[in-house]
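So you can see what is in the structure, the chains are spelled out below.
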Amino acid sequence: MSIQAQTIIGALYGDEGKGLMVDRLAAATPGAVVVRSNGGAQAGHTVVDPAGIRHVFHHIGSGSFAGAATHFSRFFVAHPMLFLGELSALNERGAKPEISSDPRALITTPFDVLINQAIELTRGAGRHGSCGLGFGETIERSLHPEFVLSTKDLFRSDLHARLVAIRDSWVPGRLAALGISALPEELAAVLADDITIAGFEADCAAYLDHVTLWPDRRLCERGPVIFEAAQGLCLDQNRGVFPHVTRSNTGLANIRAIAAEAGVTELDALYVTRCYTTRHGAGPLKGEVPTLSGVNVVDPTNAPNEWQGSLRLAPLDLFMLRKAIADDLTSDHSGIAVKAGLAVTCLDQTEDGFAITDQEQVLRLDPAKAAPEIADFVGLPLWAESWGPRRRDVRLHVEAAAA
């Protein structure tokens, strides 16, 4: 029996409009479950709800306003300290998603956040572009079996002892390995205070009140599946420019692995790009410019912040876009059939003659024709284009509607 799932993947450096596309597809897919296939709370997927209010999704699937459920896969990293605030904000706006998690999903502790921020502070001008939320440090700690903390471990009677071991054994050893001899005073106080562990245990208990354990292998029992990837292909840990990457697989690799467990046989992969390029955080950005001629950039989500600085801009690079998508499509031979299409976003921000590039060639586009032309240059069918930040502003094309 053929079982199909939809997939939303960022094609470049993140912030391409994945949340908008998940919201649109969820609205067209009754009973859907949105599956977080990588990343954690450092993701920021923006959706404007039917009342016109913006919400940035960090944990919970971006299809929540359309009534979709959420599932945290085994590749997701949950952050109980931040989860409850996000869920409360959604509830206030009328969205009350059912949430499940694979038992293997990792858990971020306050000590991962502490180490993450200490590292970035010591790097000064050489920061890697981290969000400072402990994602990478959670992955690092999980490589050491005695310090792993996954969702199923939150039910253990020895949870307190495990947290004390992380604080008293893992943290000093990790800081020493990083060459950090002393923490900033504020971080040192958090580390030493027993209230830190007590507060985290309370957050974990509340987290379990809202999240049901559900294995990835039974995913399709929950409803039609929409995979929601985080970050973008150019930030993939195996393909991006190290060290300015995320410690996860941002494309099809995780999705194929989950799909294989769940019995999914076919994937419709929608790769999303803005009609220009952005990068929030440190790392190379070819063609970077202070402002984009012919593009009125509107992005309230990626405000300047202490950890990632200001949003950076460049014309869309077709060569890089083609290569990133091609590499993702050809990187695995799992036997799961993949059909790919392109979504182009932020077209409402462009003026006639705005520029994109293809290697050293500059191409000027008419906004009304830009999406199909970009898709043609990339060699994929155009499945969607957006002319604004709301679900109603997304035009689904024939191929996507039939998927």
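Residues numbered from 1 in each chain as written. Predicted model: local features only at pLDDT ≥ 70, side-chain atom pairs only at ≥ 80, totals over all residues. Heavy atoms only, no water.

## Considering the packing of helix α2 (residues 80-92) against helix α7 (residues 194-210)
When two helices pack together, their arrangement is given by the angle between their axes and by how far apart the axes lie.
So, step 1. For the pair α2 and α7, the least separation of the axes is 8 Å and the interaxial angle reads 50 degrees. Looking at the two axes, α2 sits oblique to α7. Of the two elements, α2 crosses α7, and the hand of that crossing is left-handed. Of the residues in α7, those in contact with Pro80, Met81, Phe83, Leu84 and Leu87 of α2 are Phe200, Asp203, Cys204, Ala206, Tyr207 and His210.
So, step 2. Residues that form the contact of α2 with α7 fall into these classes: nine nonpolar, one polar and one charged. (Axes fitted to C-alpha atoms, helices over the stretch in contact; angles between N-to-C directions. Helix = DSSP H or I, 4+ residues; strand = E, 2+ residues; numbered from the N terminus. Parallel < 35°, antiparallel > 145°, perpendicular 65-115°, else oblique. Left-handed = near helix turned anticlockwise from the far one by under 90°. Contact = heavy atoms within 4.5 Å. Nonpolar A, V, L, I, M, F, W, Y, C, P; charged D, E, K, R; others polar.)

## With respect to helix α4 (residues 135-142)
So, step 1. For α4, the tally of buried residues reaches six of eight residues, placing the bulk of the element in the interior.
So, step 2. Restricting attention to buried positions, one finds in α4 the residues Phe135, Glu137, Thr138, Ile139, Glu140 and Arg141. (Buried < 20%, exposed > 50% of the residue type's maximum accessible area, 1.4 Å probe, protein only.)

## Points about the pairing of strand β14 (residues 337-345)
So, step 1. Looking at chain direction, strand β11 (residues 266-274) and β14 are connected through nine bridges and run parallel. Paired with Leu270 across the bridge in β14 is Gly341.
So, step 2. The sheet contact formed by β14 and strand β17 (residues 382-386) spans three bridges and is parallel. The residue of β17 that forms the bridge with Val344 is Glu385. (Pairing = 2+ DSSP bridges.)

## Details of the pairing of strand β2 (residues 33-36)
So, step 1. On β2, burial covers both faces: Val33 and Val35 on one face and Val34 and Arg36 on the other are all buried.
So, step 2. Bridge count for β2 against strand β5 (residues 69-72) is four bridges, and the pairing is parallel. Of the residues in β5, the one forming a bridge with Val34 is Thr70.

## Some details on the pattern of salt bridges
In a structure, side chains of opposite charge can pair up when their charged atoms sit close to one another.
So, step 1. For the structure on display, the rule yields 23 salt bridges.
So, step 2. Across the pair Asp194 and Arg167 runs a salt bridge whose closest N-O atoms are separated by 2.8 Å. Within this pair, whereas Asp194 is found in helix α7, its partner Arg167 is found in helix α5 (residues 159-177), the two being separated by 27 residues in sequence.
So, step 3. Assessed through its relative accessible area of 52%, Asp194 is described here as exposed.
So, step 4. Using a relative accessible area of 14% as the deciding quantity, one classes Arg167 as buried.
So, step 5. Here Arg395 makes a salt bridge to Glu385, at a shortest N to O gap of 3.9 Å. Here Arg395, found in strand β18 (residues 394-396), pairs with Glu385, found in strand β17; they are 10 residues apart in sequence, far enough to count as distant.
So, step 6. What makes Arg395 partly exposed here is its relative accessible area of 44%. (Salt bridge = Lys/Arg side-chain N within 4 Å of Asp/Glu carboxyl O.)

## Let's talk about unusual backbone geometry
So, step 1. In this structure, Asp15 is a non-glycine residue whose phi angle is positive, near 65 degrees.
So, step 2. Note on placement: Asp15 falls in the loop between β1 (4-10) and α1 (18-27).
So, step 3. Using a relative accessible area of 21% as the deciding quantity, one classes Asp15 as partly exposed.

## Looking at the packing of aromatic side chains
So, step 1. Under the definition given, this model contains five aromatic pairs.
So, step 2. Relative to Phe65, the ring of Phe57 has its centre 5.6 Å away and its plane inclined at 70 degrees; by these criteria the two rings are edge-to-face.
So, step 3. Taking the relative accessible area as the measure of exposure, Phe57 reaches 1% and is therefore buried.
So, step 4. For Phe65, a relative accessible area of 13% translates into the label buried.
So, step 5. Among the aromatic side chains, those forming a connected cluster through ring pairs are Phe72, Phe76, Phe83 and Tyr207. (Phe/Tyr/Trp six-rings, centres within 6.5 Å; stacked < 30°, edge-to-face > 60°.)

## Describing the packing of α4 against α5
So, step 1. Orientation of α4 relative to α5, taken along the N-to-C sense of each, is 105 degrees, at an axis distance of 12 Å. Between α4 and α5, the crossing angle belongs to the class labelled roughly perpendicular. Residues Glu137, Glu140 and Arg141 of α4 form the contact with α5, whose own contacting residues are Ile166, Trp170 and Arg174.
So, step 2. By residue class, the composition of the contact of α4 with α5 is two nonpolar, no polar and four charged.

## Things to note about the sheet that holds β14
So, step 1. Taken together, 10 strands build an open sheet; the order of strands is β9-β7-β5-β2-β10-β1-β11-β14-β17-β18 and the sheet is mixed. The sheet terminates laterally at β9 (211-213) and β18, the two strands that pair on one side only. With strand direction ignored, the average angle separating the axes of adjacent strands in the sheet is 25 degrees.
So, step 2. By the bridge criterion, four bridges tie β2 to strand β10 (residues 225-228) in an arrangement that is parallel. When the sheet's bridge partners are listed, Val35 is paired in β10 with Phe227.
So, step 3. This element, helix α8 (residues 252-262), spans β1, β10, β11 and β14 of the sheet and lies at about 155 degrees to β11.
So, step 4. Sitting on the sheet, helix α9 (residues 318-329) is in contact with β1, β11 and β14, with an inclination near 160 degrees to β11.

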